[in-house]
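# Descriptive structure summary
Read off the chains here:
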Amino acid sequence: MRRRFAIFVSGLLLMSPLVPCFAATDAFDFYARGPYRPSVPRPSQLLGYEPGEFHTDFRGMEKVITAIAQAAADRVRVIEYGQSYERRPLRLLIMSAPENLNRLDEIRARLQKLADPRKLSSPEEAAEIIRTTPVIVWLNYANDGNESAAFEAALQVAYHLAASEEPKTRELLENAIVILNPAHNPESHERFVAWYNAFAVGADDRFAYEHNAPWGLSTNNNHYQIDLNRDALASTQVETQALMRAYLQWNPQVFVDHHGQTTTFFFPPPAAPVNTNLPKAYHEWMEVFGRGNAEAFDRHGWAYFARDVFDLFYPGYWDSWPSLNGAIGMTYETDGGGSRGLRWAREDETVVTLRDGIAKHFVASLATVETAVRHRERLLQYFYDFKRTAIEEGARGPMRRFVLLPGNDPGRAAELVATLLRAGIEVQMAQEGFASRLAYDYLSKTKTARSFPAGAFLVDLAQPQMRLAKALLEPEAELDPQFVKRQLEIRERNERRGKNVPKERYEFYDVTAWSLPLAFGVEAYWTEDAPRVRSVALTLDDAGRVITSADRTPIVTGGVTGRATSAYVFSYETNAAARLAFALLKEGYKVAVSTRPLRADGRDFPRGTLVVPLERNPESVHERIAQLAREYGVNVYAAASAYTDRGDTGVGSPAVTPLRTPKIVVIVGEGVSVTSYGAIWFLFERRFGVPFIPMTLASLHRADIFRYDVILFPDGNPAAYHAALGDRGVERLKRWVNEGGVLIGIGGAAEFFTRKGVELTTARVLGAEEEAPAPSGPGAAASTQPQTAERTVSPRPLPVPGAIVRATVDRHHFLTFGYDAEHLPVLVNGARFFTRSRDGANVVTFEGKDLHLSGFTWPNNTEELLSGTAYLIHEPTGRGHVILYAQDPNFRLFWQGLTRLFLNSVLFAPSMR
């Protein structure tokens, strides 16, 4: 299930008659649609148990699909499309009639033509392909691998399609190619089932141990605890990247992502809002497939719901991303399995089982294939029309082109381009300067005529991937006005209710803003014209780097200007510079930072520039920094002299501060957001090579914390942090900070730092109750009234559903090294706003009322209350530092524009006294 908490459905449910302790699907026969080929083994024969009696692990799944593929080679092909981080093979089962399997290359080539109508010779060729080509139906399971019924259902569906001789099933195989992905996210599934199988007793009590897994073991996330069902937006993970490559090779017309656990089964039509880049015909298909599933479920008398909870707005899900690629993308959510285990007692004392969840996914999967075959030609026509009209609308619509400027960090801009290329979006690089009559600036939100330089990246919308490109790149996604009106009405009703009356939930499912140029911090424009520009197409090499298609030249390069005789100097304006600095420190080289603008050999460098002095480094530094600079794409200047021709800061100045190699602890365990920790883990380990020590709070109590330089608390539950540390733990942390430690808190951890009894900062959370001081001063002593503290409450913000706002940067603070722009786009998600620190530095703040850049904000609340608050706070404490991030700067790993703002707290703070 997309969310990690129980869903209580407000819509009308069609309830099946159920008897306490017995589920309606206990008697479901998975093998009723035979006869079945005796040569193809059933999963139960291979595994030794019936569906729903035990959780199948990855090894068991591989045993089943290998045996089925070997026994039904005329119907099944198995292809490996990638490998997970834990080195598990990612495989697809390609299932169809023999005559289709024998011409798979031809069918793929035909669909590639429909996917890019520019390759067709005529409309008649398209019509012939549509008339004679099977429909591609992709059934995706175990995206959220701990939602275990999906994984089990994949095995039953695979067996049925491979073995059934039922005439209807044979007809399906003749008219469809079913691509079955049994384990999108194998790590999530394996963690969960290994734990569950080890400890489960089959208890249906929801408080039983088997329904409450320890921290990190029952999550939707992959090895790095990244949510793969939201990763399609920026494709940061290898599992996502591999799946995208396979998807774009096959171009399915239908894509279903199987999840759980809801109160009853969910299938589309989805709830509002739906991404407005989808055409009107998409909504008609939602009705077609919804009714097809309803018909199948009604035959069994099963309960289900639609049009509630699960929207289709955020483009990073594995229903919305395929939909924006021209497929009919859908999410199915079943009721049994997952955290509900083998058995789970509902509120009415009936029991839902793992077998229930499997059976419903099984029926919905086959019903989907049946609906697709029934409408085969119409689906292929829709797919073709989706791509054809994308090109046409992109050529004549008000938004014709996106322009992305490399700026001071071409590597980060190239990462954005790579994200687009992985999604099949066409990107060009201008080889000459050009002008636009009307260009829209993302940050200023103004339109003017503008000239652009050679080297700019161009995304022209007259391309087959127009709708996806627009969804990812447009500065603001349009929300359905009726949906917005309904949220404002809910707000009015909630405000009329007393504090003890339950409030209605708002219907936002996820963030409402994600514009990738803003998130990556790349200067961007969209233009109302698209004049011809001499340009070169871009593509990816085998290592995922952006190169030119024509001569395979990398667009980002680095290196040193020569052999230094004084120091090596490189600007900190790029994310790659941070990577180089960490690599050098890790290998024992000495690196320093200039706290003021630097002058070296007649060249100017900005504050935060990194200096590698020769007199403090071994001879090997010459060869090593040259090698790393080339590898990371960093331009390093070889300085010949420490003498400055003007200014007071040269490479030998006292303002050039040596950096320590920090010893970092990152808190893990109960109370910590697994995704916040996971983003830090991935960032440190994969992107920047930063060693760290994961540590629970229980271990922190026992450890000699004075051995460490940095203790980093990810986003989490402030009350849980406080309870786990206790007063003694807090006092110990304070002593450690006073003696030079760097304490960092993100989101809920930052709130923990503000709590009464902790008070590691003078900032407070807006809307939290505080004690006003008792009266004092000359008149207070004469007062006859009791001098008691009063409770004061500041205005309370409404929860913001993920909006992008404009923040103001203090460009004279070490935490903003590498940032020279006055303003910075940041994500505000939730209702945690921090008042400014009274005694510390408010490094990144929200100033004025015109803060909104993208997404939904509450009128007469969000911007008014956010103005004057702080995003990044620095509290110098003794010889140490307390640093607070109001929001998670590493959110879903695609906020690369904020990466150094986060890294600065571990790279620079330990060396600043």
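Residues numbered from 1 in each chain as written. Predicted model: local features only at pLDDT ≥ 70, side-chain atom pairs only at ≥ 80, totals over all residues. Heavy atoms only, no water.

### What about the pairing of strand 17 (residues 535-540)?
The condition that has to hold: Two strands form a pair only when DSSP identifies at least two bridges running between them. A run of DSSP states H or I qualifies as a helix once it reaches four residues; a run of E qualifies as a strand once it reaches two. Both are numbered from the N-terminal end.
Judged from the three bridges that link them, strand 12 (residues 428-430) and strand 17 form a sheet pairing that is antiparallel. Each residue of the ladder has a partner; that of Ala430, found in strand 17, is Ser535. Across three bridges, strand 17 lies against strand 18 (residues 546-548) in antiparallel orientation. What sits directly across from Thr539, in strand 18, is Ile547. The antiparallel pairing of strand 17 with strand 18 creates a hairpin that spans five residues between the two strands, and Gly544 there sits at a positive phi of about 85°.

### A short note on the packing of helix 4 (residues 104-115) against helix 13 (residues 376-396)
What counts, and what does not: Fitted lines through C-alpha atoms give the axes, limited to the stretch in contact for helices. The angle between two N-to-C directions lies from 0 to 180 degrees. Orientation is classified from the angle alone, with under 35 degrees giving roughly parallel, over 145 giving roughly antiparallel, 65 to 115 giving roughly perpendicular, and any other angle giving oblique. Throughout, a contact is declared for two residues whenever any of their heavy atoms are within 4.5 Å. Residues are grouped as follows: Ala, Val, Leu, Ile, Met, Phe, Trp, Tyr, Cys and Pro are nonpolar; Asp, Glu, Lys and Arg are charged; every other residue, Gly included, is polar.
In the contact formed by helix 4 and helix 13, the axes pass within 8 Å of each other and the chain directions differ by 45°. Comparing their axes, helix 13 and helix 4 come out oblique. Contacts between helix 4 and helix 13 involve Leu111, Leu114 and Ala115 on the former and, on the latter, Leu380, Phe383, Tyr384 and Lys387. Considered class by class, the residues forming the contact of helix 4 with helix 13 number six nonpolar, no polar and one charged.

### So, the nonpolar core
The following threshold applies: Grouping buried Ala, Val, Leu, Ile, Met, Phe, Trp, Tyr and Cys residues that are joined through side-chain atoms within 4.5 Å yields what is termed a nonpolar core. The rule is simple: take the accessible area with a 1.4 Å probe, protein chains only, and divide by the maximum for that residue type; under 20% is buried, over 50% is exposed, in between is partly exposed.
Phe570, Phe684, Ile711, Phe713, Leu743, Phe894 and Phe908 are the most contacted members of the largest nonpolar core, which has 292 residues in total. Sort the elements by how many residues they give to this core and helix 6 (residues 149-163) lands first, with 12 residues. Beyond its immediate chain neighbours, meaning those up to four positions away, Phe894 contacts Leu233, Ala234, Tyr314, Trp514, Leu516, Ala519 and Phe520. Counting 11 residues, the second-largest nonpolar core is a separate cluster that includes Ala592, Leu598, Tyr637 and Val656.

### Considerations on the sheet that holds strand 17
Sheet strands associate in pairs through backbone hydrogen bonding, adopting either a parallel or an antiparallel arrangement. Taking strand neighbours across the sheet as the criterion, the eight strands line up as 14-13-16-11-15-12-17-18 in an open arrangement whose pairing is antiparallel. This sheet does not close on itself; its edge strands, each paired only once, are strand 14 (447-452) and strand 18. Sheet twist, expressed as the mean angle between neighbouring strand axes with direction ignored, is 40°. Contacting strand 11 (401-404), strand 15 (457-460), strand 17 and strand 18, helix 14 (residues 410-422) crosses the sheet at an angle of about 75° to strand 17.

### Describing the confidence of the model for the chain
Low pLDDT marks regions whose predicted coordinates should not be analysed in detail. Spelled out, the test is: pLDDT is a residue-level measure of predictor confidence that goes from 0 to 100.
Averaged over every residue, the pLDDT of the chain is 94; the share at 70 or more is 94%. Contacts for the low-pLDDT stretch residues 3-23, under 50 throughout, to residues beyond four places or in other chains number 43 contacts.

### Description of the packing of aromatic side chains
The condition is simple: Pairing of aromatic rings covers Phe, Tyr and the six-membered ring of Trp, with a centre-to-centre limit of 6.5 Å; geometry is then stacked below 30 degrees between planes, edge-to-face above 60, and tilted otherwise.
A full pass over the atoms with the stated rule returns 65 aromatic pairs. Relative to Tyr159, the ring of Tyr36 lies with its centre 5.2 Å away and its plane at 20°, an arrangement referred to as stacked. Of this pair, Tyr36 sits in the segment before helix 1 (43-47) while Tyr159 sits in helix 6; the two residues are 123 residues apart in sequence, bridging distant segments of the chain. Ring geometry for Trp285 and Phe289: centres 6.1 Å apart, planes at 45°, overall tilted.

### Things to note about the pairing of strand 16 (residues 524-527)
Burial of the side chains of strand 16 extends over both faces: Ala524 and Trp526 are buried on one face and Tyr525 and Thr527 on the other. Here strand 11 pairs with strand 16 via four bridges, running antiparallel. The residue of strand 16 that forms the bridge with Val403 is Tyr525. Pairing of strand 13 (residues 434-441) with strand 16 involves three bridges; the strand directions are antiparallel. Bridged to Ala439 within strand 16 is Thr527.

### Notes on the packing of helix 7 (residues 167-175) against helix 12 (residues 354-374)
Describing two packed helices takes the angle between their axes plus the distance from one axis to the other. Cut-off, in case you're wondering: With the far helix as reference, a near helix turned anticlockwise by less than a right angle produces a left-handed crossing, and one turned clockwise produces a right-handed crossing.
Contact geometry of helix 7 with helix 12 gives a least axis separation of 10 Å together with a crossing angle of 60°. As the angle between them shows, helix 7 and helix 12 are arranged oblique. Crossing geometry of helix 7 relative to helix 12 is assigned as left-handed. Residues Lys168, Glu171, Leu172 and Asn175 of helix 7 pack against Val369, Glu370 and Val373 of helix 12.

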